[in-house]
Amino acid sequence: MQVQVYKTAEKACRAAAMLFAAQITKKPDSVLGLATGSSPVPCYRDLVAMHQQGLLDFSKVTTFNLDEYCGIDYANPCSYHAFMDENLFHHVNVRREAIHLPDAAGAGDGGAAGRAYDAAIEAAGGIDLQLLGIGCNGHIGFNEPASDFTYGTHIVDLAENTIQANARFFKSEAEVPRKAISMGIGNIMACRSVVLIATGENKADAVYRSVRGPVDPQVPASILRTHPSVLFLLDEAAAARL
């Protein structure tokens, strides 16, 4: 694991964008793992700008997102389908058929949706570079603190503090879905390289526990310390306890 600390959140996100731009430039048909939430937004904004300046071509890229809420229409502006369209996909020349998010609509079918997503990632050759954020409780994707690490794409009961943290994207906390479908820890660990963005003082404890504490499924991001190619990009606030 490597940790880089930047003075501002904007600079940390720009560093992430540069890494993804380098990946696409080096391998135009890269398979990218993408994340939602507030942390990646500046990164996507920089990637869009590079594309619009003629510096990046997404036409051969394939993408797999980490997760999606269950019980929410994909047209809902709070869905992760809508988030990705608004912040990235509608602004670059990625092929629609090359965009993948886990099937929350089919998530109640006893695991078939998760197995299908895992199979699609494998058929694409695996993920070259995965972008992550981190929850205040140390979750990555929607892999919440648990008694063990879950391997494949699966249904998750969202923790109460995750629901509270995500309420800012909805009209009220009551509207936040209580379940999601998420890539598992095994999916993330199988990625060839991982970049995690963490910004803000509210992430400092999760970052500290992930980087300095024991590897523990109660802090899901701590497993990243065992991955051969992981980079944490932090602003000074998120790195305050290191």
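Structure: see above.
Here is what the cut-offs are and how they apply
- Residues numbered from 1 in each chain as written.
- Predicted model: local features only at pLDDT ≥ 70, side-chain atom pairs only at ≥ 80, totals over all residues.
- Heavy atoms only, no water.
- Core = buried A, V, L, I, M, F, W, Y, C linked by side-chain atoms within 4.5 Å.
- Buried < 20%, exposed > 50% of the residue type's maximum accessible area, 1.4 Å probe, protein only.
- Helix = DSSP H or I, 4+ residues; strand = E, 2+ residues; numbered from the N terminus.
- Contact = heavy atoms within 4.5 Å.
- Patch = residues over 30% accessible without salt bridge, like charges linked within 9 Å, V, L, I, M, F, W, Y side chains within 5 Å.
- Areas by Shrake-Rupley, 256 points an atom, 1.4 Å probe, with all protein chains shown as cover.
- Salt bridge = Lys/Arg side-chain N within 4 Å of Asp/Glu carboxyl O.
- Pairing = 2+ DSSP bridges.
- Axes fitted to C-alpha atoms, helices over the stretch in contact; angles between N-to-C directions.
- Parallel < 35°, antiparallel > 145°, perpendicular 65-115°, else oblique.
- Nonpolar A, V, L, I, M, F, W, Y, C, P; charged D, E, K, R; others polar.
- Phe/Tyr/Trp six-rings, centres within 6.5 Å; stacked < 30°, edge-to-face > 60°.

What should I look at first to understand the nonpolar core in this one?
In globular proteins that are soluble, nonpolar side chains generally tend to be buried together. Within the largest apolar cluster, 72 residues are counted, with the highest numbers of intra-cluster contacts made by L47, L88 and L224. The biggest single contributor to this core is helix α1 (residues 9-26), with eight residues. For L224, the residues in contact, after removing those within four places along its chain, are M1, L132, I140, I188, M189, V194, L196, V230 and F232.

Whenever I open this one, a nonpolar patch on the surface confuses me. Can you help?
Taken together, the side chains of M1, V3, V5 and L242 define a hydrophobic patch exposed on the protein surface, amounting to about 280 Å² of accessible area. Among the secondary structure elements, V5 is positioned in strand β1 (residues 2-6). Note on V5: relative accessible area 44%, which makes it partly exposed.

Just checking my understanding: could you explain the environment of I99 for this structure?
Its location among the elements puts I99 in strand β5 (residues 99-100). Between the alpha carbons of I99 and F64 there is a distance of 6.4 Å; along the sequence they are 35 residues apart. If sequence neighbours within four positions are ignored, I99 has contacts with T63, F89 and V94.

Teacher, can you tell me more about the sheet that holds β5 here?
Strand-to-strand pairing in sheets goes through backbone hydrogen bonds, with the strands running parallel or antiparallel. Spatially, seven strands are ordered β1-β10-β9-β6-β2-β3-β5 in an open sheet, and the strand pairing comes out parallel. Two strands lie at the open edges of the sheet, namely β1 and β5, each paired on one side alone. Relative to strand β10 (residues 230-235), β1 runs parallel, the two sharing five bridges. Considered in β10, the bridge of V3 is made with F232.

How should I be thinking about the sheet that holds strand β8 (residues 179-182) in this particular structure?
Spatial ordering of the open sheet is given by β4-β8-β7, a layout of three strands whose pairing is antiparallel. The strands lining the two open edges of the sheet, one partner per strand, are β4 (67-69) and β7 (154-157). Looking at each pair of strands side by side, their axes are set apart by 25° on average, direction ignored. Pairing between β7 and β8: four bridges, direction antiparallel. Opposite I155, over in β8, you have I181 as the bridge partner.

Mind showing me how you'd approach the packing of helix α2 (residues 41-52) against helix α3 (residues 80-87) here?
Helix-helix packing: each pair is described by the crossing angle between the helix axes and the interaxial distance. One way to put it is that α2 packs onto α3 with a least axis distance of 9 Å and a crossing angle of 40°. When the axes of α2 and α3 are compared, the pair comes out oblique. Across the interface between the two elements, V41, Y44 and V48 from α2 touch F83, M84 and N87 from α3. Looking at side-chain class alone, the contact of α2 with α3 contains five nonpolar, one polar and no charged residues.

Teacher, can you tell me more about the packing of aromatic side chains here?
One pair of aromatic rings is described through two measures. These are the centre distance and the angle between the planes. Enumeration according to the criterion identifies five aromatic pairs in this entry. Pairing Y69 with F170 gives two aromatic rings, centres 5.6 Å apart and planes at 75°, and the pair type is edge-to-face. Placement of Y69 in strand β4 and of F170 in the loop between α5 (160-166) and β8 is noted, with a sequence separation of 101 residues between them. On the basis of relative accessible area, Y69 is assigned to the buried category, the value being 1%.

Looking at this structure, I do not really get the side chain of N187. What am I missing?
Along the polypeptide, N187 turns up in helix α6 (residues 185-189). In contact with N187, not counting residues within four places along its chain, are D118, I121, Y151, G152 and T153.

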